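Fold and contact review
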Amino acid sequence: VYKRQLLFLIPGFVGGFISSIFVQGITDAKLGFQVRQIFPKLRTINAQGGSQIAILGISIGISLVGGLIIGILLKPCRIYSPTESTLYAQDEDLFCLLYTS
């Protein structure tokens with residue numbers, strides 16, 4: 001796995017997982033009002049936490065399947081084949097004023 005993909009995967013996974021844990025601590029006393037009066041068809045606390053974990057798993061599954069499909073479709077095209085010169089940033093491209101004479 002490339003580091004770029006982990007840049008988006010880790011915060012999303014951690015945020016989804018932690019939010020499902022924090023929802024367990026929500027009570028009417030902590031909020032200062034009764035949530036059921038505003039949202040009468042609200043799930044129970046345990047059901048909400050379980051739903052968030054399930055949706056997190058579904059989201060990761062959809063992204064993995066989508067990535068595999070796109071990878072399989074684009075592999076024959078060879079749109080991007082990295083070479084040694086494109087793996088690293090070239091200073092001449094970024095700082096052209098420094099290299100002009």
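Look up a bit, the structure's there.
Residues numbered from 1 in each chain as written. Predicted model: local features only at pLDDT ≥ 70, side-chain atom pairs only at ≥ 80, totals over all residues. Heavy atoms only, no water.

**Some thoughts on a nonpolar patch on the surface**
What counts, and what does not: Two distance rules govern patches: like charges are joined within 9 Å, and nonpolar side chains (Val, Leu, Ile, Met, Phe, Trp, Tyr) within 5 Å, applied only to residues with over 30% relative accessible area and no salt bridge. Residue-level accessible areas treat just the shown protein chains as cover; the underlying method is Shrake-Rupley with a 1.4 Å probe. Here, a salt bridge means any side-chain nitrogen of Lys or Arg that lies within 4 Å of a carboxyl oxygen of Asp or Glu. Only runs of H or I of at least four residues qualify as helices and only runs of E of at least two qualify as strands under DSSP, and these elements are numbered from the N terminus. Type-normalised accessible area, obtained with a 1.4 Å probe on protein chains alone, sets the label of each residue: buried when under 20%, exposed when over 50%, and partly exposed for intermediate values.
A grouping of Leu6, Leu9, Ile10, Phe13, Val14, Phe17, Ile18, Ile21, Phe22 and Ile53 is seen on the molecular surface, where their side chains present a nonpolar patch of about 870 Å² in accessible area. If one sorts the elements of the nonpolar patch by residue count, helix α1 (residues 3–22) sits on top with nine residues. Within the fold, Leu6 resides in helix α1. Judged by relative accessible area, Leu6 falls into the partly exposed class, the value being 32%.

**Details of the environment of Ile60**
By secondary structure assignment, the location of Ile60 is in helix α4 (residues 45–74). We classify Ile60 as partly exposed; its relative accessible area is 25%. Taking the C-alpha atoms as reference points, Ile60 and Gly12, separated by 48 residues in sequence, lie 9.5 Å from one another.

**Examining the side chain of Ser20**
Put simply, the test is: By the criterion applied in these results, polar contacts are pairs of N or O atoms within 3.5 Å in which, for protein atoms, one can donate a hydrogen and the other can accept it, and in which residues neighboring in sequence qualify only through two side-chain atoms. Note on contacts: a residue pair is in contact if any heavy atoms of the two residues lie within 4.5 Å.
Along the chain, the position of Ser20 falls in helix α1. Within the structure, Ser20 has its side chain in polar contact with the backbone oxygen of Phe17 (distance 2.6 Å). For Ser20, the contacting residues outside a window of four places in its chain are Gly49, Gln52 and Ile53.

**Considering the packing of aromatic side chains**
So the rule is basically this: Each Phe, Tyr or Trp ring (for Trp, its six-membered ring) is paired with any other whose centre lies within 6.5 Å, and the angle between the two planes then decides the class: stacked below 30 degrees, edge-to-face above 60, tilted in between.
Within the structure shown, the criterion is met by one aromatic pair. Seen in terms of ring centroids, Phe13 and Phe17 are 6.2 Å apart; in terms of plane orientation they differ by 10°. Their pairing is stacked. Of this pair, Phe13 and Phe17 both sit in helix α1, four residues apart, roughly one helical turn. Judged by its relative accessible area of 39%, Phe17 falls in the partly exposed class.

**A look at the environment of Arg43**
Within the secondary structure layout, Arg43 lies in the loop between α3 (35–38) and α4. Look at Arg43 and you get partly exposed, because its relative accessible area is 45%.

**Notes on the environment of Arg36**
Residue placement: Arg36 occurs in helix α3. Residue Arg36 is classed as partly exposed on the basis of its relative accessible area of 40%. Every residue in contact with Arg36, bar those within four places of it in the chain, is listed here: Lys41, Leu42, Arg43 and Thr44.

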